[in-house]
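# Summary of structural features
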Amino acid sequence: MSSMSEAAAAFFDACETGQGWAACAQYCHPDASFSAQADTFAGGETVEAYTEARKGLLEGPLPGATYDLRSFAVDEARGHVIGYAVFMGAHTGEGGPIPPSGAKVETDYVYVMEFDGDRIRHMTKIWNDGFAMRQLGWG
């Protein structure tokens, strides 16, 4: 397994288990950028901001949420690693636009991690946030 692949796998797990930037920073350039065509992330332009928002989600409205990594691909020539997973959780904690409802979400998403050397320099999240928000009764 390449160092790029190992870093991406460790980053993916740290991020998805809500460990925040403190755990994710070691796998990223300090100014790593973030993008997503999802209203949920409007204004969040760094991987640091994304990982902290992810941490807040798991510490707040969706405690105990999990993910199932379905596919992981490495493109060494282009410096990319792609992870496809399914996120599963229930709104049982405080936070979110409505009181805890117990509503469940199961949503597909993809991380495309661009590397510069052995660290992530940019991450794109591909996700249908509207679908997920409707499952939770948030949109």
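Below or above, wherever it landed, is the structure these notes cover. What you see is a predicted model, and the numbers here were worked out from it, not measured in a lab. (Residues numbered from 1 in each chain as written. Predicted model: local features only at pLDDT ≥ 70, side-chain atom pairs only at ≥ 80, totals over all residues. Heavy atoms only, no water.)

### Considerations on the side chain of Ser 5
Take Ser 5: it is sitting in helix α1 (residues 3-16). The class for Ser 5 is buried, based on a relative accessible area of 7%. Residues contacting Ser 5, with those up to four places away along its chain left out, are Phe 72 and Val 74. (Helix = DSSP H or I, 4+ residues; strand = E, 2+ residues; numbered from the N terminus. Buried < 20%, exposed > 50% of the residue type's maximum accessible area, 1.4 Å probe, protein only. Contact = heavy atoms within 4.5 Å.)

### Focus: the nonpolar core
Among the nonpolar cores identified, the biggest contains 36 residues, and Phe 11, Val 47, Tyr 111, Met 113, Phe 115 and Met 123 are the most heavily contacted of them. Mapped by element, the contributors of at least two residues to this core are α1, α2 (20-24), β1 (28-36), α3 (47-59), β3 (80-90), β4 (104-116), β5 (119-127) and α4 (129-136). If you tally residues by element for this core, the top one is α1, at seven residues. When neighbours within four sequence positions are excluded, Tyr 111 is seen to be in contact with Phe 11, Phe 12, Cys 15, Glu 16, Tyr 50, Arg 54, Val 81, Ile 82, Gly 83, Met 123, Thr 124 and Lys 125. (Core = buried A, V, L, I, M, F, W, Y, C linked by side-chain atoms within 4.5 Å.)

### Quick look at the environment of Thr 17
Here Thr 17 is to be found in the loop between α1 and α2. Among the residues examined, Thr 17 registers a relative accessible area of 41% and is labelled partly exposed. Sequence separation of Thr 17 and Leu 58 is 41 residues, and the distance between their C-alpha atoms is 7.7 Å. The contacts of Thr 17, once residues within four sequence positions are left out, are Leu 58 and Tyr 67. A polar contact is formed between the side chain of Thr 17 and the side chain of Gln 19, at a distance of 2.8 Å. (Polar contact = N/O pair within 3.5 Å; in protein donor to acceptor, adjacent residues only side chain to side chain.)

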